[in-house]
Amino acid sequence: ESVSFIVLKSIPDPPKAQISRNGGTLTCSVNPSSSGWSYYFYRGEKNQEVLTVQNTDFHSNREIRVSQGGVYRCRGGRGEPVYHTEFSDPVTIVEPVLRVSPWWLSPGASVTLSCEVEHVSAGWSFYWYKAVPDLSHKSGSYSYELLPASSNGTADNSYIIHGQTHTAGYVCRAGRGEPHFYTLYSQPHFVWSGDLHPSASLSVSPDRVQHFTSDSVSLSCEGNSAEWRVSRFLLPDFLSFCSDWGTMNGSTCHVQKIQSSNAVYWCESGSAFSNAVNITGHYDDELLLLSPVHPVTEGHSVTLGCKLRTENLLSKVFFYQNDTIIQSESRVEMIIPAVSKSHEGFYKCQSSGKESPQSWLAVTSTSRPDSSSFPVLVVALTSVVLVIFLFMMWFLYKRSRDSDIISSSQDNNQSSAADHREAQHRNDSMLLHG
Ligand SMILES: *[C@@H]1O[C@H](CO)[C@@H](O)[C@H](O)[C@H]1NC(C)=O
Ligand SMILES: *[C@@H]1O[C@H](CO)[C@@H](O)[C@H](O)[C@H]1NC(C)=O
């Protein structure tokens, strides 16, 4: 009889990885720690998703920064073929969701921010920030500035902003416990204004809301900055920049093909946000309504058009405002000679058996009610300071004239009197300029 023996070496249980978090930074470790481990990070309940940051599938680095909420695990691996440790326990990274309402500013209306985290009742406090464009990063980013009365956090998960008149971006985060533990920052969300301002404005060529997907479109920024980036918010919630879907040349973003989409575009400089515009992309076989991309000022005229990509329209063209027919002629244009607030609304056209998508025509009042008390306060304070200043000027002027008269009468000299007259004339004109 022959007996074979198999010698079994005892193999230790595979070590388990540990994950720890500090803010948005996750660190993976393997105990007992020894050299040669690579660290792999996973996101999602079922570990299906290998975390990719900067286009690599895994990280030999122990540490990663995450910018997205979710459940994370890690494990170590080494050798060839790779021997893996067990998965770490999960850690949950909370990413709040910010909602801004309304999306489009209307004069006088306040803006409500709300910050949503799961388990809202559990003693969170909320921190509110203004997003300030940071153009030094290639892929667009923002720095965050705390909004007033928010440095200690608010117990309420909503925050109201009064008197906002320009496009602006906001971010929130939540925190709780002692020592204070913060969630990630939310994604930035925006409130948009369509009104053009000389300090920062966006214009679109061709100037219309609806475009064919094969159209090329130029988006140009103008104002008090040498450097701009063009931002796009694909509704309902995807933010990206010209570098992702176009090419920036100077302050103009050229888009070869506008996608089939419904998006808001605006310009950002280091300090300012421009007016925002709606642009929608439509397939080449659709009928398009031609309507201006900027709000129309009350009293001005506006021309709406209707267009197929290739052929001319043969049959009658119908124009609708809010689903009510307002013109049925064979002309492909409709002119409103003097726009009033009642012309604001959704427009579409119909012809040749097709119907265009509808787009919003915005109307700006010429005399807009000044809702916020802030500018009024500033004007009042400035006036008071100005009056005091003018009074002091007058007082000093009077005193200096008196002393001039005394000095000129003292030396009783013809040329010094002429000097004095000239000085007085200069003084007068200075006062006039002031
Ligand atoms: C963009 O469209 C929305 C409705 O979808 C409208 O409320 C807003 O005023 C439009 N903005 C401009 C600048 O036309
Ligand atoms: C950028 O714009 C300038 C001026 O409009 C033009 O001459 C130049 O060819 C453009 N450059 C590119 C790369 O398109």
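Along every chain, residues carry numbers that run from 1 in the direction the sequence is written. Chain letters and ligand numbers both follow the written order, the letters beginning at A and the numbers at 1. Local features in this predicted model are restricted to residues of pLDDT 70 or higher, and side-chain atom pairs are both shown and tallied only at a pLDDT of 80 or more, whereas totals for entire chains, interfaces and linings draw on every residue. As a rule here, side-chain values cover all heavy atoms of the structure and leave hydrogens and water aside.

- The name given to the protein in an unreviewed UniProt entry is Ig-like domain-containing protein, with Oryzias latipes as the source organism.

Structural notes on the sheet that holds strand 2 (residues 25-30)
So, point 1. What the 3 strands build is an open sheet, ordered 1-2-5; its pairing is antiparallel. Looking at the sheet topology across the chains shown, the edges are occupied by strand 1 (17-22) and strand 5 (63-65). Taken over all neighbouring pairs, the strand axes of this sheet differ in orientation by 20° on average, direction set aside.
So, point 2. Two strands pair under a simple rule: DSSP has to find at least two bridges between them. Each helix corresponds to a stretch of at least 4 residues labelled H or I by DSSP, and each strand to a stretch of at least 2 residues labelled E; elements are numbered beginning at the N terminus. One ladder, built from 6 bridges, connects strand 1 with strand 2; its direction is antiparallel. Paired with Ala17 across the bridge in strand 2 is Val30. With axes taken as lines fitted to C-alpha atoms, and helix axes fitted only over the stretch in contact, angles between N-to-C directions fall between 0 and 180 degrees.

Describing the pattern of salt bridges
So, point 1. One side-chain nitrogen of Lys or Arg within 4 Å of one carboxyl oxygen of Asp or Glu is enough to make a salt bridge. Across all of its chains, the model carries 10 salt bridges by this definition.
So, point 2. For Glu116, the salt bridge is made with Arg99, and the minimal N-O distance between the two is 3.0 Å. Here Arg99 lies in strand 9 (residues 97-101) and Glu116 lies in strand 10 (residues 111-116), a separation of 17 residues in the sequence.
So, point 3. The closest approach of N and O atoms between Lys341 and Glu344, which form a salt bridge, is 3.7 Å.
So, point 4. Residue Lys341 is classed as partly exposed on the basis of its relative accessible area of 38%.
So, point 5. Each of Arg208, Asp215, Asp284 and Arg309 takes part in salt bridges that share partners, so that together they form one network. Partly exposed residues are those whose accessible area sits between 20% and 50% of the maximum for their type, while under 20% is buried and over 50% is exposed, using a 1.4 Å probe and protein chains only.

Details of the nonpolar core
So, point 1. Remark: nonpolar core denotes a set of buried residues (Ala, Val, Leu, Ile, Met, Phe, Trp, Tyr, Cys) joined through side-chain atoms within 4.5 Å. Core analysis: the biggest nonpolar cluster contains 21 residues, and Leu219, Val230, Trp245, Tyr265 and Ile279 have the highest contact counts within it.
So, point 2. Listed by contribution, the elements that provide at least two residues to this core are strand 17 (200-205), strand 19 (217-223), helix 1 (242-245), strand 23 (252-255), strand 24 (262-268) and strand 25 (273-282).
So, point 3. With 18 residues, the next largest nonpolar core counts Leu105, Leu113, Cys115 and Ala168 among its residues.

Thoughts on unusual backbone geometry
So, point 1. For the bond from Ser101 to Pro102, the omega torsion is -5°, close enough to zero to count as cis.
So, point 2. If you trace the backbone, Pro102 turns up in the loop between strand 9 and strand 10.
So, point 3. Cis rather than trans, the peptide bond between Leu235 and Pro236 has omega equal to 10°.
So, point 4. Relative to the assigned elements, Pro236 resides in the loop between strand 20 (229-234) and strand 21 (238-241).

Re the sheet that holds strand 23
So, point 1. An order of 17-19-23-22 is seen for the 4 strands of this open sheet, with the pairing classed as antiparallel. Looking at the sheet topology across the chains shown, the edges are occupied by strand 17 and strand 22 (247-249). Between one strand and the next, the sheet's axes are offset by a mean angle of 20°, whatever the strand orientation.
So, point 2. Summarising the sheet, strand 17 and strand 19 pair through 6 bridges and their orientation is antiparallel. If you follow Ser203 over to strand 19, its bridge partner there is Ser220.

So, the site of ligand 1
So, point 1. Working definition: residue near molecule or strand if any one of its non-hydrogen atoms lies within 4 Å of it. Around ligand 1, a shell composed of Trp104, Gly194, Ala276, Asn278, Trp360 and Ala362 is seen.
So, point 2. Two N or O atoms count as a polar contact when they lie within 3.5 Å, although within protein this holds only if one can serve as hydrogen donor and the other as acceptor, and sequence-adjacent residues are included solely when both atoms are side-chain atoms. In this structure, Asn278 approaches ligand 1 through a side-chain N or O atom, which is 2.4 Å from an oxygen atom.
So, point 3. Between Trp360 and ligand 1, the recorded distance is 3.3 Å, taken from a side-chain N or O atom to an oxygen atom.
So, point 4. Residue exposure ignores everything except the shown protein chains as possible cover, and the areas themselves are Shrake-Rupley values with a 1.4 Å probe. If ligand 1 stood free it would expose 360 Å²; the protein chains cover 73% of that surface.
So, point 5. Only Asp, Glu, Lys and Arg are considered charged, only Ala, Val, Leu, Ile, Met, Phe, Trp, Tyr, Cys and Pro nonpolar, and every remaining residue, Gly among them, polar. When the residues that make up the shell around ligand 1 are grouped by side-chain class, the tally is 4 nonpolar, 2 polar and no charged.

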